Amino acid sequence: MKKKIKIIVIGGTGFLGFHFSKLCLKKKMTVISLSRKKPPKNKYLEKVKYLHSDISIKSQIFKNLKYHLDADFIVNFGGEVNHKRKNNVLKSHYFGVKNISEIFLDQNLKKFIQIGTSLEYGKSKSPHNELIKPKPISDYGKAKFIATTFLLNLYKKKNFPVSIVRPYQVYGPYQDKNRLIPIVIKSSLKNIKFPCSNGNQFRDFLYVDDFVRFIFQIMNSKNKDSAGEIFNVGYGKTIKVKTVIQLINSLIKKGKPIFGKIKLRKEENLITYPNIKKAKILLKWKPKISFREGIKKTINFYKKER
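Residues numbered from 1 in each chain as written. Predicted model: local features only at pLDDT ≥ 70, side-chain atom pairs only at ≥ 80, totals over all residues. Heavy atoms only, no water.

**Some points on the pairing of strand 6 (residues 162-167)**
Burial runs high along strand 6: 6 of the 6 residues are buried. With 4 bridges joining them, strand 5 (residues 111-115) and strand 6 adopt parallel strand pairing. Looking across to strand 6, one finds that Phe112 is bridged to Val162. With helix 4 (residues 139-158) bridging strand 5 and the parallel strand 6, this β-α-β connection has right-handed handedness. In terms of strand pairing, strand 6 meets strand 11 (residues 229-233) through 5 bridges, oriented parallel. The residue bridging Pro167 from the neighbouring strand is Val233, located in strand 11. (Buried < 20%, exposed > 50% of the residue type's maximum accessible area, 1.4 Å probe, protein only. Helix = DSSP H or I, 4+ residues; strand = E, 2+ residues; numbered from the N terminus. Pairing = 2+ DSSP bridges. Right-handed = clockwise from strand over helix to strand, strands pointing away.)

Written out as C-alpha cells, the structure reads:
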C-alpha cells in the first residue's frame, strides 16, 4: 500500500493555512497543523491533526513534531499577525523559521515552502520581479526578509530544499474580518457607512483558490526548478482600490463608503503589483479566476455566513 504524503502546515488555522489544508485533505494527504491557537469552529477540519506551539520556542516545536520528522513537506504560513507587536513579529517570523528549518535540516524533507510577503520589496517600483534588491521598511517586511536570507543561505550551504513565495493581496472566503475586502462586503451587506482611504492606490488581488493551487505547483515541481528560488504570486494586473469598493457596492446593490477617511500608511506604495513571469515559466502556473468572479464567490460566502 502506497504511503500517504504527510504535510506539516505551520499556521494551519489561519486564512491561507485553512484553505491549503482543506485542499491537502481533498488530495488524501495526512495533514498536521501547528499553530498557537485552536481553530475557530468555522475553520475546523475534522481530519487535520491540530498541534499547538509557539514557533519562537524551539523546544516546544520539537516536543510537538518529534513524531512527525518523517514529513514530506512543510509549508510555513505561521507568525505574528499583529504587526504592531515588534518583538513578536521578529521572534515568530525569523526565529520561528530558523527553529523549524534547523529541526528538519537532517531529515528527508522534500520541500520547505516559506510564505514571505510583497512587503519585502519595500518602496521598490512595481512591477516587482524577483531580482529586485529588497528594501523592506516595515518591521514585518524586515523580519520576513531576514528569514528569506537565512533560508536561502541554508539552501546554498546545506542544500536545504526551500522555496520562497511572496504573495500579494490574496482574498476569498474565511479571510480575517479586518482586511479590506471582508470589511467592504460586510459593511455593504449591512448597508452601513464605513471609512476607507481615498482609494487611489493600485493593488493586485488574487483569489485564494489560485493561490493554494500555486503552492501545489511548487510541491509537485522538480527541485531544480523551485529549490533556492523566490516566486512572486499574484494576478499580475492592478485594480484601483476605489474601483474594488465600487464593484462590491454595485454587486451587492448597497454600501456607503466614506472615501478619504483613512490615511495611507508611511510604508504604503501607491502602486504595488508583481511580475509573475517566473511562476508562469518555471512552474507552468497562471491565475484562472478573474477578479469579478472571485469577488462574486466571496460575496456569496458572506451572504450565506449571515
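From this point on, the discussion continues.
**Describing helix 8 (residues 241-252)**
The end-to-end C-alpha distance of helix 8, which contains 12 residues, comes to 17 Å, matching closely the 16 Å that a straight helix rising 1.5 Å per residue would cover. Within the span of helix 8, buried status applies to Val241, Val244, Ile245, Leu247, Ile248, Asn249 and Ile252. Note on helix 8: the residue one or two positions beyond its end, Lys253, has a positive phi of about 70°. (Expected span 1.5 Å × (residues − 1).)

**Quick notes on the packing of aromatic side chains**
As enumerated under the stated definition, the model contains 15 aromatic pairs in all. Ring geometry for Phe20 against Phe216: centres 5.3 Å apart, planes inclined by 45°, an arrangement best described as tilted. Here Phe20 is found in helix 1 (residues 15-26), whereas its partner Phe216 is found in helix 6 (residues 208-220), with 196 residues between them in sequence. Comparing Phe20 with Phe216 shows no difference in burial state: the two are buried. (Phe/Tyr/Trp six-rings, centres within 6.5 Å; stacked < 30°, edge-to-face > 60°.)

**Focus: the sheet that holds strand 9 (residues 202-203)**
Spatial strand order, 12-9-14: 3 strands in an open sheet with mixed pairing. Edge positions in the sheet fall to strand 12 (239-240) and strand 14 (271-272), since each of these pairs with one other strand and no more. Summarising the sheet, strand 9 and strand 14 pair through 2 bridges and their orientation is parallel. Each residue of the ladder has a partner; that of Arg203, found in strand 14, is Thr272.

**A short note on the side chain of Glu268**
Examined against the element boundaries, Glu268 turns out to sit in the loop between strand 13 (256-258) and strand 14. Judged by relative accessible area, Glu268 falls into the buried class, the value being 15%. There is a polar contact of 3.4 Å between the side chain of Glu268 and the side chain of Gln201. With sequence-adjacent residues up to four places away left out, Glu268 is seen in contact with Lys123, Gln201 and Arg203. (Polar contact = N/O pair within 3.5 Å; in protein donor to acceptor, adjacent residues only side chain to side chain. Contact = heavy atoms within 4.5 Å.)

**Remarks on a positive patch on the surface**
Together, Lys177, Lys190, Lys253, Lys254, Lys303 and Arg306 give the surface a local cluster of positive charge. With respect to the helices and strands, Lys177 occurs in the loop between strand 7 (169-171) and helix 5 (180-190). (Patch = residues over 30% accessible without salt bridge, like charges linked within 9 Å, V, L, I, M, F, W, Y side chains within 5 Å. Areas by Shrake-Rupley, 256 points an atom, 1.4 Å probe, with all protein chains shown as cover. Salt bridge = Lys/Arg side-chain N within 4 Å of Asp/Glu carboxyl O. Lys, Arg positive; Asp, Glu negative; His and termini not counted. Charge placed at Lys NZ, Arg CZ, Asp CG, Glu CD.)

**A word on helix 4**
In a regular helix each residue adds 1.5 Å, so 20 residues correspond to 28 Å; helix 4 covers 28 Å between its end C-alpha atoms and thus fits that length. Asn159 sits one or two residues past helix 4 and shows a positive phi near 60°.

**Some remarks on the environment of Met29**
Relative to the helices and strands, Met29 is located in the loop between helix 1 and strand 2 (30-35). Between the alpha carbons of Met29 and Lys4 there is a distance of 5.8 Å; along the sequence they are 25 residues apart. With residues near it in sequence (within four places) discarded, Met29 still touches Lys4, Ile5, Ile7, Cys24, Phe216 and Met219.

**A short note on the packing of helix 2 (residues 58-65) against helix 3 (residues 86-104)**
The axes of two packed helices give the description: the angle between them and the distance between them. Interaxial distance between helix 2 and helix 3 falls to 9 Å at its minimum, and their mutual angle equals 45°. Classified by the angle their axes make, helix 2 and helix 3 are oblique. Note that helix 2 runs across helix 3; the crossing there is right-handed. Taking contact as the criterion, the partners of Lys58, Ile61, Phe62 and Leu65 in helix 2 are, on helix 3, Asn99, Ile100, Glu102, Ile103 and Phe104. Broken down by class, the residue content of the contact of helix 2 with helix 3 amounts to 6 nonpolar, 1 polar and 2 charged. (Axes fitted to C-alpha atoms, helices over the stretch in contact; angles between N-to-C directions. Parallel < 35°, antiparallel > 145°, perpendicular 65-115°, else oblique. Left-handed = near helix turned anticlockwise from the far one by under 90°. Nonpolar A, V, L, I, M, F, W, Y, C, P; charged D, E, K, R; others polar.)

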